[in-house]
Amino acid sequence: MSSDYAKQLGGKLRAIRTQQGLSLHGVEEKSQGRWKAVVVGSYERGDRAVTVQRLAELAEFYGVPVQELLPGGTPGGAAEPPPRLVLDLERLTQVPSEKAGPLQRYAATIQSQRGDYNGKVLSIRQDDLRTLAVIYDQSPSILTEQLISWGVLNPDARRAVREEDAS
């Protein structure tokens, strides 16, 4: 396995792990020792080659298709991924409920479905933003600006919405 490919694969592994809110030691605990923190860390750094079998087992452990872990899944391979849409849940509590009520209920539903109660941030998908835009009776780009003005969404989200509008 080439060093660049191993590093890209490791980056995908790390992204999936962190997206699930797991530390390396958290992986070891959750897997009841099946996945050692030092081994997963070496896969993520690209220091250690991972077999196809082990990659399939890791994908199953993370609950994602194997192809999500493979580099080159984006057209052009080296394209920069769109920025993540991350809601600041702590800031959301400071927005008056008459404005933020629908968003608070939507975020609570997502947290419940995911079993994700860290209470600080919540990643949402483009589809979530489109759904929220319908709920707020606004276009996704206008809603994005509103959420940014509330301090609930990072200004980098503008780029994700522009890329979505362009496609």
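Cut-offs and rules
Residues numbered from 1 in each chain as written. Predicted model: local features only at pLDDT ≥ 70, side-chain atom pairs only at ≥ 80, totals over all residues. Heavy atoms only, no water. Salt bridge = Lys/Arg side-chain N within 4 Å of Asp/Glu carboxyl O. Helix = DSSP H or I, 4+ residues; strand = E, 2+ residues; numbered from the N terminus. Buried < 20%, exposed > 50% of the residue type's maximum accessible area, 1.4 Å probe, protein only. Contact = heavy atoms within 4.5 Å.

In the nomenclature of an unreviewed UniProt entry, the chain is known as Transcriptional regulator of Kitasatospora aureofaciens.

K.L.:
Break down the pattern of salt bridges for me, citing the residues and quoting the values.
P.N.:
Under the criterion given, the structure shown has seven salt bridges. Note that Arg 34 is salt-bridged to Glu 57, the shortest N-O span being 2.6 Å. Placement of Arg 34 in the loop between α2 (24-30) and α3 (37-45) and of Glu 57 in helix α4 (residues 52-62) is noted, with a sequence separation of 23 residues between them. Overall, Arg 34 belongs to the partly exposed group, its relative accessible area being 42%. Here Arg 158 makes a salt bridge to Glu 145, at a shortest N to O gap of 2.7 Å. Here Arg 158, found in helix α9 (residues 157-166), pairs with Glu 145, found in helix α8 (residues 140-150); they are 13 residues apart in sequence, far enough to count as distant. The class for Arg 158 is partly exposed, based on a relative accessible area of 31%. Using a relative accessible area of 37% as the deciding quantity, one classes Glu 145 as partly exposed. Here the salt bridges share partners, and the residues they tie into one network are Arg 14, Arg 17 and Glu 44.

K.L.:
Could you give an account of α4, with specific residues and numbers?
P.N.:
Listed as buried for α4 are Leu 55, Glu 57, Leu 58, Ala 59, Phe 61 and Tyr 62. On its buried face, α4 sits against α1 (3-19), α2 and α3. Gly 63, located one to two residues past α4, shows a positive phi value of around 75°.

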